[in-house]
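Read off the chains here:
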Amino acid sequence: MDNLIFFNPGDSIANFHDYDEAVRSAQIYRQNHVQDGHVLVVKGMESQKQFDIFLSDNEITHDNELGNSKPYKVSKKF
């Protein structure tokens with residue numbers, strides 16, 4: 001399902017080096033904090049061993065472009 005998406009790295013909820021731990025944390029965050037929208041586990045384009053968690057609402061599009069965005073590949077969507 002890998003999709004390329006842009007986020008500001010400062011908007012990351014959490015950062016992990018273990019994919020399974022990132023997925024578990026995203027599931028817990030989704031259950032406890034998010035009623036609408038999705039929580040995404042993404043991996044950076046530069047570091048394939050690093051996984052971040054973002055809210056899908058923080059996606060950077062042409063409508064809300066800001067300076068410091070980086071490309072990420074979506075690995076898991078909750």
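Right above here is the structure, for reference.
Just so you know, these numbers come straight off a predicted model, no measurement behind them.

Rules and cut-offs
Residues numbered from 1 in each chain as written. Predicted model: local features only at pLDDT ≥ 70, side-chain atom pairs only at ≥ 80, totals over all residues. Heavy atoms only, no water. Pairing = 2+ DSSP bridges. Helix = DSSP H or I, 4+ residues; strand = E, 2+ residues; numbered from the N terminus. Axes fitted to C-alpha atoms, helices over the stretch in contact; angles between N-to-C directions. Contact = heavy atoms within 4.5 Å. Core = buried A, V, L, I, M, F, W, Y, C linked by side-chain atoms within 4.5 Å. Buried < 20%, exposed > 50% of the residue type's maximum accessible area, 1.4 Å probe, protein only.

**A closer look at the sheet that holds strand E1 (residues 4–7)**
Taken together, five strands build an open sheet; the order of strands is E1-E5-E3-E4-E2 and the sheet is antiparallel. Two strands bound the open sheet, and with one partner strand each, they are E1 and strand E2 (14–16). Looking at each pair of strands side by side, their axes are set apart by 45 degrees on average, direction ignored. In the sheet, E2 pairs with strand E4 (residues 51–55) via three bridges, with the strands oriented antiparallel. What sits directly across from Ala-14, in E4, is Ile-53. Contacts from helix H1 (residues 19–33) reach E2, strand E3 (39–44), E4 and strand E5 (70–77), with the element oriented near 155 degrees to E3.

**Section: the pairing of E5**
Sheet analysis places E1 next to E5, joined by four bridges and oriented antiparallel. Looking across to E5, one finds that Ile-5 is bridged to Tyr-72. Across five bridges, the pairing between E3 and E5 is antiparallel. Bridge pairing in E5 places Val-41 opposite Lys-76.

**A few points about the nonpolar core**
Within the largest apolar cluster, ten residues are counted, these being Phe-16, Ala-22, Val-23, Ala-26, Val-34, Val-39, Val-41, Phe-51, Ile-53 and Phe-78. Of all the secondary structure elements, the ones that give two or more residues to this core are H1, E3 and E4. Among residues more than four places away in sequence, those in contact with Phe-51 are Ala-14, Asn-15, Phe-16, His-17, Asp-18, Tyr-19, Ala-22, Val-41, Val-42 and Lys-43. Ranked by size, the runner-up nonpolar core spans seven residues in total, among them Ile-5, Phe-7, Leu-40 and Tyr-72.

**A closer look at the environment of Val-23**
Along the polypeptide, Val-23 turns up in helix H1. Judged by relative accessible area, which is 10%, Val-23 ranks as buried. It is 8.5 Å that separates the C-alpha atoms of Val-23 and Ile-53, two residues lying 30 residues apart in sequence. With residues up to four places along the chain from it excluded, the contact list for Val-23 reads Val-41, Lys-76 and Phe-78.

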